[in-house]
Amino acid sequence: MKTPGFTVAGVLPFAAALPSWLDLAPRQASTITVDLTKTYQTMDGFGCSFAFQRANLITNMSDKVKQRYLLDILFNTTSGAGLSIVRNGIGSSPDSSSDHMNTFAPKNPGGPKAAPQYSWDGKDSGQLFVSQEAYNTYGVRQIYGDAWSAPGYMKTNNNENNGGTLCGVPGTNCQSGDWRQAYADYLVQYVKYYGEAGVPVTKIGFLNEPEFSPGYAGMNSNGAQAADFIKIFYATLQAANLTSQVGIGCCESEGWGNQVNMLNAIKSANAESMLSVVTSHTYTGGSNSPMNTKVPVWLSEQCDLNGGWTTAWYSGGGAGEGYTWANNIYNAVTATQVSGYLYWEGVQWPSPNTNEKMIKVDQQSPYNIEVSKRLWAFANWSRFVRPGAVRVASSGGSGVKSAAFKNVDGSIAVVVISTGGSASNVSVKVSGGTGTATKATAWVTDASHDCAETTVTVAADGTLSGSVAARSITTYHIPAPEAPPA
């Protein structure tokens, strides 16, 4: 939705005059059956990145009301998207010009064995403030730091940009020496800096799109080279007594196929058990089946890089439309069985005028804000499918598809997406539980609603009845059964 001035309301008000699709009488309801006894993956959550100084749009905002609005719209579980994963970029640049992410080790200390010259600015390209707010104000507990590159002097090309490989991994021969341990120490120090600021980093990565050599920060690696560094990095985390707090993620491949190849090499090197999460993008290819690993998998970055900026929910199925992203998340969670799903940037300035961000924010006062429907597609998942939720079986329903989850607190979320241009009446029956639902809420996002509460009824046997609007996403939330009186 466009915000020409400013409105603090987090969701659109529910109309007093109900639209025709909420009239439950004329159509026969089809039944969605949820089976709590059949389980799939455990969810880590949903989120986005604030890398390349995008966080500064929030951190440096002088209008504190709008600053709070942006934080709310991203992380608030009652008025916003309720995102539960923050992905930050670990800097490698010697400066902060343009959108560079500055490193806290900008100078070569004289070799990999020399004492590092760390200089922490307490800001981290604006990401520390956003992380502190996410952690302290909104209860986000999944803070992920990912390095696009090591500092340039640690690499074969002596540059943070244009690819290059970490000196010391197999296949490299650098006159400057072996920088693997120095890079592992550097990443551990990043975790320590955030910890000192009250933000425990829980996941850390050391690569981003390692098959790609862009003109910005990046570092090449194959699977064998990644496995070699993982062993050193894991031992370094162990020595720092950090393995109970933070786990290693790898490898943020540009496409699913390359990530599978890298994972196979990591397995062959007996390093899979040292990973906490496998991370991949799908820009150059995705998948319709789970990755073969015992480690949770995140689709850790995806967006529409090419389409012109849109706040539309549906206008033909465009790559940037909200309804498209409701379905993208569904496919990743159900078919690929990912445990985490992250959009690329949460906020970004207007240029380029593409859909690589969920919220467009002007850099200068009056800080005009436009929230895309992609964010509200995320809200119908993230607000109700909380970290630790276990996906359970769901089936049935006419004109809809569904995914169901049991949260750690015992509540149940059933996400239902319309598959066509007609509204569908649905009933939701839950089996395999220990109690009968006595109350529930329902929340709809479509062209005119932003995760807004809608009508649901609960029968004496616990069956939910409601309506799913044409081309919409509706989430039914059943609270945990109340404990019997003492």
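Nothing here was measured: the structure is a model prediction, and the numbers come from that model.

Novice: So what's going on with helix α4 (residues 180-196)? Residues and values would help.
Specialist: Note that an α-helix has 3.6 residues per turn; residues three or four places apart therefore point the same way. Across its 17 residues, α4 extends 25 Å between first and last C-alpha, which sits within 8% of the 24 Å expected from 1.5 Å per residue. Burial within α4 is extensive, with 12 of its 17 residues counted as buried. Of the residues making up α4, those classed as buried are R180, A182, Y183, A184, Y186, L187, V188, Q189, Y190, V191, Y193 and Y194. Along its buried surface, α4 packs onto β4 (85-90), α3 (127-136), β5 (142-147), β6 (203-205) and α5 (223-239). G198 sits one or two positions beyond α4 and adopts a positive phi of about 85 degrees.

Novice: Give me the packing of helix α2 (residues 64-75) against α3: which residues, what numbers.
Specialist: The description of two helices packed together rests on the angle between their axes and the distance between the axes. The contact between α2 and α3 brings their axes to 11 Å, and the two run at 60 degrees. Relative to α3, the element α2 lies oblique. Like other packed secondary-structure pairs, α2 and α3 cross with a definite hand, here right-handed. Note on element contacts: α3 touches α2 through F129, V130, E133 and A134, opposite Q67, R68, L71 and F75. Among the residues making up the contact of α2 with α3, the classes are represented as 5 nonpolar, 1 polar and 2 charged.

Novice: Outline the state of the cysteines, supporting the account with residue identities and numerical values.
Specialist: Per the stated rule, a full pass over the model turns up 2 disulfides. There is a disulfide in this structure between C167 and C174, and the S-S distance comes to 2.1 Å. Handedness of the C167-C174 disulfide follows from its S-S torsion of about -85 degrees: it is left-handed. With relative accessibility at 0%, the residue C167 sits in the buried group.

Novice: Describe the nonpolar core, with residues and values.
Specialist: By size, the foremost hydrophobic cluster in this structure holds 117 residues, and its most contacted members are L74, F75, Y183, F206 and I359. Contacts of L74, omitting those with residues within four sequence positions, involve C48, F50, I58, A81, G82, L83, G346, V347, I359 and L375. Counting residues in each nonpolar core, the second largest holds 19 residues, with I32, V400, A404 and A442 among its members.

Novice: Can you explain the packing of helix α7 (residues 322-334) against helix α8 (residues 373-382)? Please cite residues and give values.
Specialist: At a minimum axis distance of 7 Å, the contact between α7 and α8 shows a crossing angle of 35 degrees. For α7 against α8, the interelement crossing comes out right-handed. Between α7 and α8, the residues in contact are G322, W325, A326, I329 and Y330 and K373, R374, A377, F378 and W381, respectively. In terms of residue class, the contact of α7 with α8 is made up of 7 nonpolar, 1 polar and 2 charged.

Novice: Give a detailed account of the pattern of salt bridges, specifying residues and quantitative values.
Specialist: Once the charged atoms of two side chains with opposite charge are near each other, the side chains can pair. A complete count under the given rule lists 10 salt bridges for this structure. A salt bridge links E301 to R87, with the nearest nitrogen and oxygen atoms 2.8 Å apart. Taken together, the residues E301 in strand β9 (residues 297-301) and R87 in strand β4 connect sequence positions 214 residues apart. The two residues E301 and R87 agree in class, both being buried. In this structure, the salt-bridge partner of R180 is D178, at a minimum N-O distance of 2.7 Å. Residue D178 is classed as partly exposed on the basis of its relative accessible area of 35%. Salt bridges sharing common partners tie together R87, D146, E252 and E301.

Novice: Give a description of the confidence of the model for the chain that names residues and reports values.
Specialist: Model confidence for the chain is summarised by a mean pLDDT of 94, while 94% of its residues fall at 70 or above. Predicted confidence for residues 1-27 stays below pLDDT 50, and this span has 60 contacts to residues more than four positions away or in other chains.

Novice: Before we move on, could you go through the packing of aromatic side chains and cite the residues and values that matter?
Specialist: Taken as a whole and assessed by the stated rule, the structure comprises 30 aromatic pairs. Where F50 meets F75, the ring centres are 6.1 Å apart and the plane angle is 45 degrees; that geometry is what we call tilted. With F50 in the loop between β3 (45-49) and α1 (56-59) and F75 in helix α2, this residue pair connects regions lying 25 residues apart in the sequence. Taken as a pair, F50 and F75 share a single burial class, namely buried. Both rings, one in W120 and one in Y193, keep their centres 4.7 Å apart while their planes meet at 10 degrees; by these two values the pair is stacked. Residue W120 is found in the loop between β4 and α3, and its partner Y193 is found in helix α4; the two are separated by 73 residues along the sequence. Each residue in the set F104, Y118, W120, Y183, Y186, Y190, Y193, Y194, F206, F229 and F233 is aromatic and connected to the rest through ring pairs, giving one cluster.

Cut-off values and rules
Residues numbered from 1 in each chain as written. Predicted model: local features only at pLDDT ≥ 70, side-chain atom pairs only at ≥ 80, totals over all residues. Heavy atoms only, no water. Helix = DSSP H or I, 4+ residues; strand = E, 2+ residues; numbered from the N terminus. Expected span 1.5 Å × (residues − 1). Buried < 20%, exposed > 50% of the residue type's maximum accessible area, 1.4 Å probe, protein only. Contact = heavy atoms within 4.5 Å. Axes fitted to C-alpha atoms, helices over the stretch in contact; angles between N-to-C directions. Parallel < 35°, antiparallel > 145°, perpendicular 65-115°, else oblique. Left-handed = near helix turned anticlockwise from the far one by under 90°. Nonpolar A, V, L, I, M, F, W, Y, C, P; charged D, E, K, R; others polar. Disulfide = S-S within 2.5 Å. Core = buried A, V, L, I, M, F, W, Y, C linked by side-chain atoms within 4.5 Å. Salt bridge = Lys/Arg side-chain N within 4 Å of Asp/Glu carboxyl O. pLDDT = per-residue confidence, 0-100. Phe/Tyr/Trp six-rings, centres within 6.5 Å; stacked < 30°, edge-to-face > 60°.

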